[in-house]
Amino acid sequence: MWLKSCVVALLLQTSVVGAAYAKGPFGSVNVGNWIGGAFSNDETGAFSHCAATTPYANGVILVVSQNAAGIWSLAFASPGYRFNKGENAAIDVTFDGQERARLYATAYQSNMLTAVMPLNVVRTFQKASLMVATAGRAVLNFDLTSTGPVIAALANCVTKVKADGLDKAGDFTKIAAKPQPAPDKQTPPAGSKAARARTGTGFVVSATGHVVTNNHVIDGCVGDIKGNLTGEAAMVLRVVSSDANNDLALLQAPSTTTFKDFARIRDRSIRSGDSVIVIGFPFHGLLTSDFTVTTGIASSLSGMRNDTRFLQISAPVQPGNSGGPLFDTTGQIVGVVTAKIPALRIAAATGTIPENINFAIKTGMLRDFLDNSVVPYQTAEPKGELKTTDIAGNARPYTMLISCNGTEQVDAKR
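Residues numbered from 1 in each chain as written. Predicted model: local features only at pLDDT ≥ 70, side-chain atom pairs only at ≥ 80, totals over all residues. Heavy atoms only, no water.

Engineer: I'm lost on the overall build of the protein in this one. Help?
Structural biologist: In terms of regular secondary structure, the protein is built from eight helices and 24 strands. The 414 residues of the protein split such that 49% are buried. Expressed as a percentage of contacts within the protein between residues at least 6 apart in sequence, the contacts between residues at least 24 apart total 63%. Just so you have it, the protein exposes about 19,800 Å², and 51% of that area is on carbon and sulfur atoms. (Helix = DSSP H or I, 4+ residues; strand = E, 2+ residues; numbered from the N terminus. Buried < 20%, exposed > 50% of the residue type's maximum accessible area, 1.4 Å probe, protein only. Contact = heavy atoms within 4.5 Å. Areas by Shrake-Rupley, 256 points an atom, 1.4 Å probe, with all protein chains shown as cover.)

Written as structure tokens, this is what we have:
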């Protein structure tokens, strides 16, 4: 009962960009867990907006609305919020781990931040399955179930009410019952290769913006390769060199970009049994828009079939970790994460599913590669041990999400 009352109150408040309280709902919008309808201005009685809302287990309530002028807004509300009225905040939203936008929100109510949504963001919101919202250190995930039909229903609501008036408001979801074509999605011509988003991890190794990643992360990329530091805008990266045999690639940030912080490579061999830390972007956007941190040990100083170019590590690795830094406990680079063991193939051959067997390229191979590419990297002797939290904090300014579009044909070969 409390939740229902809170949701209704938020709908009444969300008349887009802070207009007066509203009356309603008139008619209904009921799609999945979304509820709403049409609302009027409390002072004039004129039609104000159409809105729908849904609560989440993280304690936040999303409110989507379109006003009589056609302006869309997205609000984040919670009974626990305590904003000063008029307070502003920047909210970064990432859809399905790929498309990202920055929204500028205002607290028109103490328990809610409301931001205008540009049309391109509305279209992406309508098609996406997952949204990750980041504001400062707060990171929240939202399953966008039924957003396609609810956006269509709200647009229908505004159109119908403006044409027929509030007294004829009804079920605004009827027109949304039929599947709506995605606004910007085009069917590729027969015989063409469909592009698919792909991501990996990289790290900066020089003040001039040289970025190391795996060759397989960028192999087959179509169009721009982009790099994102957490919380910052994407930059287009240029391929400098690549080594398919040793699975290494070197990218270059724009010449206008300089890096005060970058990774240092350990100048001493790691030993079997030493602790290691993996930082990267596995399943980016589906889990979190920030990087993740996992720990383990250097299990062996060789890879599959005694391949001495690689380390075997026990730290968990997932798709998206590829190309990321492997640290020792002093915060120095001791490898480049490259692969996890093909568990299903091993299970089929042995009847046992292997656990925590992953691989990284040794620094010897990495240094040879950087030397051949004439990169001014730096090495460092391992000194005092750091907490894992400090290593992660130090890595934030130079650990990158690497993303591009790749063809399905290329991905199928991987």
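Next comes the rest of the write-up.
Engineer: Quick question: what am I supposed to make of the pattern of salt bridges here?
Structural biologist: One side chain can pair with another of opposite charge once the charged atoms of both are near each other. The final tally for this structure, using the stated rule, is eight salt bridges. The closest approach of N and O atoms between Asp-267 and Arg-367, which form a salt bridge, is 2.9 Å. Separated by 100 residues along the polypeptide, Asp-267 in the loop between β16 (265-266) and β17 (275-280) and Arg-367 in helix α6 (residues 363-372) bring together distant segments of the chain. For Asp-267, a relative accessible area of 36% translates into the label partly exposed. The salt bridge involving Asp-290 is made with Arg-396; its shortest N-O contact spans 2.9 Å. Of the two residues, Asp-290 sits in the loop between β17 and β18 (292-300) while Arg-396 sits in the loop between α7 (388-395) and β24 (399-407), which places them 106 residues apart along the sequence. One network of salt bridges, in which partners are shared, links Asp-92, Arg-100 and Arg-102. (Salt bridge = Lys/Arg side-chain N within 4 Å of Asp/Glu carboxyl O.)

Engineer: Looking at this model, I keep getting lost on the packing of aromatic side chains. Mind explaining?
Structural biologist: How two aromatic rings sit relative to each other is set out by the distance from centre to centre and by the angle between their planes. Per the stated rule, a full pass over the model turns up five aromatic pairs. Between Tyr-56 and Phe-142, the aromatic rings sit 4.9 Å apart at their centres with planes inclined by 85°, giving edge-to-face as the arrangement. With a gap of 86 residues between them, Tyr-56 in the loop between β3 (47-55) and β4 (61-67) and Phe-142 in strand β10 (residues 138-143) connect regions that are remote in the sequence. Note on Phe-142: relative accessible area 0%, which makes it buried. The rings of Tyr-56, Phe-76 and Phe-142 are connected pair by pair, giving a single aromatic cluster. Over the ring of Phe-262 we find Arg-264, and its NZ or CZ is 4.1 Å from the ring centre. Here the guanidinium or amino end of Arg-396 rests over the ring plane of Phe-291, the centre of that ring lying 4.5 Å away. (Phe/Tyr/Trp six-rings, centres within 6.5 Å; stacked < 30°, edge-to-face > 60°. Lys NZ or Arg CZ within 6 Å of the ring centre and 35° of its normal.)

Engineer: Explanation requested: the side chain of Asn-246 in the structure shown.
Structural biologist: Relative to the elements of secondary structure, Asn-246 occurs in the loop between β14 (235-243) and β15 (248-252). By relative accessible area, which is 10% here, Asn-246 ends up buried. If sequence neighbours within four positions are ignored, Asn-246 has contacts with Arg-309, Ile-361 and Met-365.

Engineer: Quick question: what am I supposed to make of the pairing of β4 here?
Structural biologist: Note on strand geometry: in a regular strand, side chains alternate between the two faces of the sheet. Counting buried positions over the seven residues of β4 gives seven, a clear majority of the element. On β4, burial covers both faces: Ile-61, Val-63, Ser-65 and Asn-67 on one face and Leu-62, Val-64 and Gln-66 on the other are all buried. Two strands pair when backbone bridges link them, and β3 and β4 are joined in this way by seven bridges, in the antiparallel orientation. Among the inter-strand pairings, His-49 is bridged to a residue of β4, identified as Asn-67. Taking the residues that link successive antiparallel strands as the turn, the β3-β4 hairpin has five residues, and the phi of Gly-59 there is positive, at about 90°. Across six bridges, the pairing between β4 and strand β5 (residues 72-77) is antiparallel. Its bridge partner being in β5, Ser-65 is matched across the sheet by Ser-73. (Pairing = 2+ DSSP bridges.)

Engineer: Can you walk me through α7 in this structure?
Structural biologist: Since one α-helical turn is 3.6 residues long, residues separated by three or four positions face the same way. Where α7 is concerned, the buried positions are Ile-391, Ala-392 and Ala-395. Down the axis, α7 shows its buried residues gathered within 95° of arc, on one side only. (Arc of directions from axis to C-beta.)

Engineer: Got a minute to help me understand α6 in this structure?
Structural biologist: Where α6 is concerned, the buried positions are Thr-363, Leu-366, Phe-369 and Leu-370. Angularly, the buried residues of α6 cover 120° about the axis, an arc narrow enough to put them on a single face. Positive phi appears at Val-374, one or two residues downstream of α6, with a value of about 55°.

Geometric values such as these leave the question of function open.
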